[in-house]
Amino acid sequence: MTSSDSAANKRLGSGNELRPETAVQFVKGIGPERARALQAEGIETVRDLLLILPRRYEDRSNLAPIRSLKPGVRNTVCGRIVAVSLKRARRMPIFEAVVEDASGRIKCVFFGQAYLRDSLKVGRRVVLYGAPEWDRFGGGLALHSPDSEILDDGEADPDRVDGALIEAAIHMGRVVPVYEKRAGLLPKIWRRTLTHLVRSLPESFGEPDLLAADLREDLGVVGLRQALSAVHDPGPEDDLSALNSARSRGHLRMILEEFFLFAVGLAAKRLDRRPGVVVPSSDAAREMAKRVLPFPLTAAQKRVLKEIAADLGSGREMSRLLQGDVGSGKTIVAILAMLLPVAAGKQAALVAPTEVLADQHFLTLTRILAPAGVRVLRLSGRMKSKERKEALAAIATGEAPVVIGTHALFEPDVVFRSLALAIIDEQHRFGVIQREELRLKGEGVHALVMTATPIPRTLALSFHGDLDTSVLDEKPPGRLPIRTSHRFDSQRPRIVEAVKRHLGEGRQVYVVCPLVEESEKLADVRAVTELTQAWSDWLPGTKVTALHGRLPRDEKGAAMDSFVRAETQVLVSTTVIEVGVDVPNATLMVIEQAERFGIAQLHQLRGRVGRGRHASECLLVTRAYPSDEAKQRIDALVASEDGFFLAEKDLEIRGPGEFFGTRQSGRGLFQAGDPVRDRELLIRARDLADNWWRTAVPEHPLRRYARSDQWTRRFGLSQVG
Ligand code: ADP
Ligand code: MG
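Residues numbered from 1 in each chain as written. Chains lettered and ligands numbered in written order. Predicted model: local features only at pLDDT ≥ 70, side-chain atom pairs only at ≥ 80, totals over all residues. Heavy atoms only, no water.

Moving on to the nonpolar core. General note: in soluble globular proteins, nonpolar side chains tend to be found buried as a group. Among the nonpolar cores identified, the biggest contains 62 residues, and L38, L49, L50, W190, L197, M254 and F260 are the most heavily contacted of them. With 12 residues, helix α9 (residues 249–271) is the single largest residue contributor to this core. Once residues lying within four places of it in the same chain are set aside, the contact partners of L197 are L18, V27, V46, L49 and L50. Counting residues in each nonpolar core, the second largest holds 44 residues, with L305, M318, V333 and L350 among its members. (Core = buried A, V, L, I, M, F, W, Y, C linked by side-chain atoms within 4.5 Å. Buried < 20%, exposed > 50% of the residue type's maximum accessible area, 1.4 Å probe, protein only. Helix = DSSP H or I, 4+ residues; strand = E, 2+ residues; numbered from the N terminus. Contact = heavy atoms within 4.5 Å.)

Have a look at this one:
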């Protein structure tokens, strides 16, 4: 045992070895102060620390001589700083350092980084990584803001006599991992700490492995200790490009372990359901369905209904996601599904994200369910107290078999006699809705979540993986494609002509301006009012009505009603109409300032047209020079009507973090894996996990893990869905 080993052991307490649960302050090189900084970032244990993977790897075994550098080609060089200077150009500080090795010298230019003069001092040895460019002024090559690392900054390992040598062997002369600066710790300190850490892990570290030998074989991965050492301390046998593309054997183990453990937890939720109310598919329900059906169902609608009916009759709680692009006909599926509990004397609820949409669903359901004599009750926030009392009573006694409302239906004073099915429409608008809240409304309530948010299929696995999924992948028959064009503001006369053409054929038109309902300010309201006025002027003799979130509820409802009844021909609206509104006679959607909308929103908005027998059109109006990204979004919309294609594009343009917002970001959820880069691995892990869950012995420790708080803490899914 070396002296440093015994020192580490002393700090750990008598004879304890490093284990995954060991607190970070017991790791060599991490004192109380660094431990506190790490803890503040949620890095509390040795396991947490080891899960921080390098951002990239650099081959420092054969450093390039400075003289051999070529413009535009990334390389790593090492040399001593021989001169430094600090200049200013247009008030911007520019720090320059000249670095020399045996072959020659090169200038390094750092823009706006004056503080570097405190560390990059003459005489110090540095490693530089970057691609040189021709220097605009001095001729010759220069490195612009290269990654730099000082080798001899006196921060040598204090526990070792031969610290300087060991240091050099960690940071040089091999393929080195490069970490991100985090918790105030420089990349170099991360490297030193993790290299020492993996080299000192006991043979038995992480045993018993959650991925036992048979699972490792199925997944084709190496053991944990071997993987950790391969990612944090790669050897000559590890291929640089495999390391940098996260495909080394170490990476594959870390990623597949993470995805597999994640997927096992989802399998536990999905395949181990609690008992649910038994709702049989009865003749009575079929009779009712026949009486109400306004049109023959598409094959996709039939298939999805079968899936739902099977769940309802299964005796286990349903948790199902119905994904269907805008206009794919989710509403009729919801209605027919509700008839199953209704025919059995039980209740069903439909939850909409906005009052406007709840109103609209109420009208549609009342109309469609009338022939079957099914009463539909709308519970709304604008009811007078007497009215509300009566409504609550009807819900409590079961006199109201079908109830529609917003999330206000979850309030504690809403008590159902026998709620069997709750359907949540356009789920993405709820943000973090807790399906659990629904469960409080009755024992074994079945939940169906309907969404048009086009989530790329592979990503859907990671975010809705605990739900069963049904997909409406077919549009109702006779739909004509929506012709989408990009127009500039300057083409206003042409835009007005298009509106007149649609109106002339007896159709209706939406004009949308980019204001988000929740943040509507007075200035925004003025914008809607002005736009409404402008369109009235452009279209003499046409009824143009404004709709925005600041209108009193009654007026909002009245504006919508007037459009539904075709009294209003042009509806000028904010995005309150984004979801669910269904007026088949509307055939033109004009989106003003389209550069301010995201892809998903544009797709949702466009989906308000193309719902009837008439050819529809969408005009995306922008200023003369939209940004590159805005242009890419608009081009995508013009090119395609397929929600999944657009979702992939969106993901490509924005990356997964932005795509899902912070909490739901794939990056936040996973440490080693990246749901976009590693999609195939995610799918493989999920398939294996499902199989495993069906066949593994009941007392397997992984089963316990899948249902444990530890799983929830690691994957934090409690907040998603
Ligand atoms: P979404 O999936 O966006 O909620 P809706 O349920 O509002 O779509 O349906 C869009 C339109 O398509 C509605 O006007 C609806 O009546 C109509 N529709 C739905 N299914 C069919 C079908 N099988 N045949 C004909 N029209 C249908
Ligand atoms: Mg809908």
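With that settled, consider the packing of helix α10 (residues 283–292) against helix α12 (residues 330–343). As a packed pair, α10 and α12 sit with axes 9 Å apart at the nearest point and diverge in direction by 140 degrees. Taken together, the axis directions place α10 and α12 in an arrangement best described as oblique. Pair α10 / α12 crosses with right-handed handedness. Side by side, α10 and α12 meet where A284, A285, M288, A289 and V292 of the first sit next to L336, L339, L340, V342 and A343 of the second. Across the contact of α10 with α12, the residue classes break down as 10 nonpolar, no polar and no charged. (Axes fitted to C-alpha atoms, helices over the stretch in contact; angles between N-to-C directions. Parallel < 35°, antiparallel > 145°, perpendicular 65-115°, else oblique. Left-handed = near helix turned anticlockwise from the far one by under 90°. Nonpolar A, V, L, I, M, F, W, Y, C, P; charged D, E, K, R; others polar.)

Contact geometry of α12 with helix α13 (residues 355–369) gives a least axis separation of 11 Å together with a crossing angle of 55 degrees. The orientation of α12 relative to α13 falls into the category oblique. Where α12 crosses over α13, the handedness of that crossing is right-handed. Residues T331, I332, I335, M338 and L339 of α12 touch α13, and the partners they reach there are H361, L365, I368 and L369. Taken together, the residues that form the contact of α12 with α13 break down as 7 nonpolar, 2 polar and no charged.

Counted according to the given criterion, the structure contains 49 salt bridges. Of the charged contacts in the structure, one is a salt bridge between E307 and R320, with a shortest N-O distance of 3.8 Å. Pair noted here: E307 is in helix α11 (residues 299–313) and R320 is in strand β10 (residues 319–324), with a separation of 13 residues, a long-range link. The class for R320 is buried, based on a relative accessible area of 8%. A cluster of three or more residues bridged by salt bridges with shared partners is formed by R55, R56, E58, R60, D147, E149, E180 and R191. (Salt bridge = Lys/Arg side-chain N within 4 Å of Asp/Glu carboxyl O.)

Geometric values such as these leave the question of function open.
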